[in-house]
Amino acid sequence: MKRILDSEKLNIIGARVKEARTKAGLSQKQLSEKLELLAVYTCRGSISRIENGQRAITDIEIDAISKVLNVSLDYLFGRE
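Described below are features of the structure shown in this document. (Residues numbered from 1 in each chain as written. Predicted model: local features only at pLDDT ≥ 70, side-chain atom pairs only at ≥ 80, totals over all residues. Heavy atoms only, no water.)

So, the overall build of the chain
A tally of helices and strands in the chain yields five helices and zero strands. Counting from the amino terminus, the chain carries its helices and strands in the arrangement α-α-α-α-α. Relative to the globule expectation of 12 Å for 80 residues, the C-alpha radius of gyration of the chain, 12 Å, shows essentially globular dimensions. In terms of its C-alpha atoms, the chain occupies a principal-axis envelope of roughly 35 × 25 × 20 Å. Here the chain holds 80 residues, and 38% of them are scored as buried. (Helix = DSSP H or I, 4+ residues; strand = E, 2+ residues; numbered from the N terminus. Rg over C-alpha atoms; globule rule 2.2 N^0.38 Å. Buried < 20%, exposed > 50% of the residue type's maximum accessible area, 1.4 Å probe, protein only.)

Written out as C-alpha cells, the structure reads:
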C-alpha cells in the first residue's frame, strides 16, 4: 500500500497532543488511564509513540484525546 504522508511521521497531531497533555498537567500514564475510562485502550508506550510521530492514531483515539485534554479537534490538527 502506498503511503499518503510525505514525511517519516505517522501522524500530524503528536506534537499538539504532547503540548496539550503537558498544559493539562498529565503524565502519559495518566492520559492513558483517562482514555481507558472512555473505553479507549491506549497504553503509555503508545501515547509516547503518538507524541513522537512514530505511531498512527485512529479517529476514535483522536476524539477521546480531545475530550480528555479538553481541546478542540481544530487545535489538535493545528487549525487554530
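Considering unusual backbone geometry
Backbone geometry at Ala39 places phi at a positive 65°, although glycine is not the residue there. Residue placement: Ala39 occurs in the loop between helix H2 (28-37) and helix H3 (44-51). Residue Asn70 is not a glycine yet carries a positive backbone phi of 55°. As for its position among the elements, Asn70 is in the loop between helix H4 (59-69) and helix H5 (73-76). Among the residues examined, Asn70 registers a relative accessible area of 69% and is labelled exposed.

Considering the pattern of salt bridges
On inspection of all chains with the given rule, the structure shows six salt bridges. Between Glu33 and Lys29 there is a salt bridge, with its nearest N and O atoms 3.1 Å apart. Residue Glu33 and its partner Lys29 are located together in helix H2, separated by four residues, close to a single helical turn. Owing to a relative accessible area of 40%, Glu33 belongs among the partly exposed residues under this scheme. Note on Lys29: relative accessible area 51%, which makes it exposed. (Salt bridge = Lys/Arg side-chain N within 4 Å of Asp/Glu carboxyl O.)

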